[in-house]
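Structure at a glance
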Amino acid sequence: MKIRGSVYFIMKKYLIQTYGCQMNEHDSEKISWILEGMGYQLTDDREECDLIIFNTCAVRKSAEDRVYGQLGELKDLKRRNPNLILAVCGCMMQREEAREVVLKKFRQVDIIFGTNNIHKMPQLITRHLETGQTIVDILEENREIEEDINANRKYSYKAFVNIMYGCNNFCTYCIVPYARGRERSREPENIIKEIKNLAENGCKEVTLLGQNVNSYGKTLDRDYRFSDLLRDVNQIDGIERIRFMTSHPKDLSGDLINAYTTLNKLCKHLHLPIQSGSDKILKMMNRKYNIDDYLKIIDKIRNAVPDIVITTDIIVGFPGETEEDFNETLDLVKRVKYDAAYTFLYSIREGTKAAQMKGQVPDDVKHERFQKLLDTLYPIGLEQNEKLLGKVVEVLVEEVSKNDEEMLNGRTDSGKLVHFKGNKDIIGTFVNVKIDNAKTFTLEGTIC
Ligand code: 5AD
Ligand code: SF4
């Protein structure tokens, strides 16, 4: 299918506002590639835009509310510039209720599409321009994987690479399986080809993306697993770091733990979402593991790779969560000693099983628990970072610091953010940095 090449929209300007996870960030890079193939140019000034796209997230209500707020703000801009095309896409648009709100309350929106039909964007824009109508195009399910879309990647030295799409897990709180459809894996040859091509163009670090990378390969017609893919990516010249997002504890197998000890490019970081420290709540979440299973994995991985950095996701205030359940979460956090965690207030998502559950936790209780959780996590994160004081770490230099032009940001192999003084010419290279100061979320050091 020809996705690019409708060059008659010459020198138009576009902007994409992205919400949510890395999967969405990478989808926006693909959207950008398609648009630039149509002759659009990126701008960060809304005033000069011919096209503004909101790539939305549906995981929590707060993310959706932010989109509604932003769409409201654009009413005036659209009035001043009637030729401006407004498009909304992403997970939120896969939800019928959200689409209805947009269609009813934000009539300034011209095009709505979803997560499964990004490749149709040129046609949708053309249809809107030819008819002047609001175009709504949603594909509920796409078993096909569109291999013809490339991406305009934000960085040349690091890249996201989708290895699979969708999710079959149906955790009872989560909208993703409804928004992104059933799990399907890309053919390894296509993934390897993409990464080889990235490496030839200077990319040094890849992050393999999937909702549950540990079940990679299940939809392939041969026995080829995530650890096989890691082994094959590890052999690609030029690639020096391999990361992945996200793991599900129920599918984390011994061969992945072995991979950490045998593959020199696999970064020493494991993001392993726990969600709750209570077996009762894990069961209600349909997570399919208990705390004992989880701790066994943590022990195994720490035995195999003692300095591995472990991070997680935790939801506070899931329906039925008692003070006792929550205290079990705090106990677990202290036991595992996470380097960092993404923490979430449980958000009701219509259409999920948890939305129907009794015992929804009042907002004030959720907020109080949330604060207690942060108060427990932060000193542990700091303690973990302090272990690096005086040590020399290898850092991939990523960008100039936003607050200070003389400072650079980079990441260690384990994913920790390091600030240090340096010239921007070294962005995209590896340097050794001696750690002089440790904070809760960052490290500070000196190039040596
Ligand atoms: N409420 C709060 N957090 C959620 N997450 C997913 N769905 C919800 C929800 N309804 C969190 C989980 C998941 C992360 C990506 O988002 O922790 O791992
Ligand atoms: Fe959502 Fe669970 Fe799938 Fe993760 S594994 S995307 S939390 S349903």
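Keep in mind that this is a model prediction, so the values were computed, not measured.

Section: the packing of helix α8 (residues 254-262) against helix α10 (residues 291-304)
- Put simply, α8 and α10 touch, their axes get as near as 9 Å, and they point 20° apart. In terms of axis orientation, α8 runs roughly parallel to α10. Seen from above, α8 lies across α10 with right-handed handedness. Along the contact surface, α8 presents I257, Y260 and T261, while α10 presents K300, I301 and A304.

Brief notes about the sheet that holds strand β6 (residues 135-137)
- With parallel pairing, the 6 strands of this open sheet are ordered in space as β2-β1-β3-β4-β5-β6. Looking along the sheet, the strands with just one partner apiece sit at the ends: β2 (40-42) and β6. Going across the sheet, the axis of each strand differs from the next one's by a mean of 20°, ignoring polarity.
- Packing of helix α4 (residues 121-131) onto the sheet brings it into contact with β2, β3 (51-56), β4 (85-90), β5 (111-113) and β6, and relative to β6 it is tilted by some 155°.

Quick notes on a negative patch on the surface
- On the surface, D279, D293, E324, E328 and D331 cluster together into a patch of negative charge.
- No other element matches helix α11 (residues 323-336), which puts 3 residues into the negative patch.
- Owing to a relative accessible area of 46%, D331 belongs among the partly exposed residues under this scheme.

What about the domain arrangement of the chain?
- Here the chain is partitioned into domain 1 (12-137), domain 2 (153-267) and domain 3 (392-447).
- Centre-to-centre separation of domain 1 and domain 3, based on C-alpha positions: 35 Å.

As for the sheet that holds strand β19 (residues 442-447)
- With respect to topology, 5 strands assemble into a closed barrel ordered β15-β16-β17-β19-β18, the strand pairing being mixed. For this sheet the average axis-to-axis angle between neighbouring strands, irrespective of direction, equals 50°.

Overview of the nonpolar core
- If you look at the biggest cluster of nonpolar residues, it comprises 70 residues, and the most contacted ones within it are V206, L208, F226 and L229.
- The greatest single-element share of this core, amounting to 6 residues, is contributed by α10.
- Other than its neighbours up to four places away in sequence, F226 contacts I163, L208, V213, N214, Y216, F244 and L256.
- Counting residues in each nonpolar core, the second largest holds 26 residues, with F54, L77, F106 and V109 among its members.

Brief notes about the site of ligand 2
- By nearness alone, every residue bordering ligand 2 is listed as C167, N169, F170, C171, Y173, C174, V176, P177, Q211, H248 and R287.
- Tallied by class, the residues present in the shell around ligand 2 amount to 7 nonpolar, 3 polar and 1 charged.

Let's talk about the site of ligand 1
- The full set of residues close to ligand 1 is V59, R60, Y173, Q275, D313, I315, F344, L345, Y346, S347 and R349.
- D313 is positioned such that a nitrogen or oxygen atom in its side chain is 2.6 Å from an oxygen atom of ligand 1.
- When ligand 1 is considered free in solution it has 400 Å² of accessible area, and contact with the protein chains removes 84% of it.
- Counting residues per element, the ones that place at least two in the shell around ligand 1 are β13 (309-316) and β14 (340-345).
- The residue inventory of the shell around ligand 1, partitioned by class, reads 6 nonpolar, 2 polar and 3 charged.

Calculation notes
- Residues numbered from 1 in each chain as written.
- Chains lettered and ligands numbered in written order.
- Predicted model: local features only at pLDDT ≥ 70, side-chain atom pairs only at ≥ 80, totals over all residues.
- Heavy atoms only, no water.
- Axes fitted to C-alpha atoms, helices over the stretch in contact; angles between N-to-C directions.
- Helix = DSSP H or I, 4+ residues; strand = E, 2+ residues; numbered from the N terminus.
- Parallel < 35°, antiparallel > 145°, perpendicular 65-115°, else oblique.
- Left-handed = near helix turned anticlockwise from the far one by under 90°.
- Contact = heavy atoms within 4.5 Å.
- Pairing = 2+ DSSP bridges.
- Patch = residues over 30% accessible without salt bridge, like charges linked within 9 Å, V, L, I, M, F, W, Y side chains within 5 Å.
- Areas by Shrake-Rupley, 256 points an atom, 1.4 Å probe, with all protein chains shown as cover.
- Salt bridge = Lys/Arg side-chain N within 4 Å of Asp/Glu carboxyl O.
- Lys, Arg positive; Asp, Glu negative; His and termini not counted.
- Charge placed at Lys NZ, Arg CZ, Asp CG, Glu CD.
- Buried < 20%, exposed > 50% of the residue type's maximum accessible area, 1.4 Å probe, protein only.
- Domains from an automatic or database assignment.
- Core = buried A, V, L, I, M, F, W, Y, C linked by side-chain atoms within 4.5 Å.
- Near = heavy atom within 4 Å.
- Nonpolar A, V, L, I, M, F, W, Y, C, P; charged D, E, K, R; others polar.
- Polar contact = N/O pair within 3.5 Å; in protein donor to acceptor, adjacent residues only side chain to side chain.

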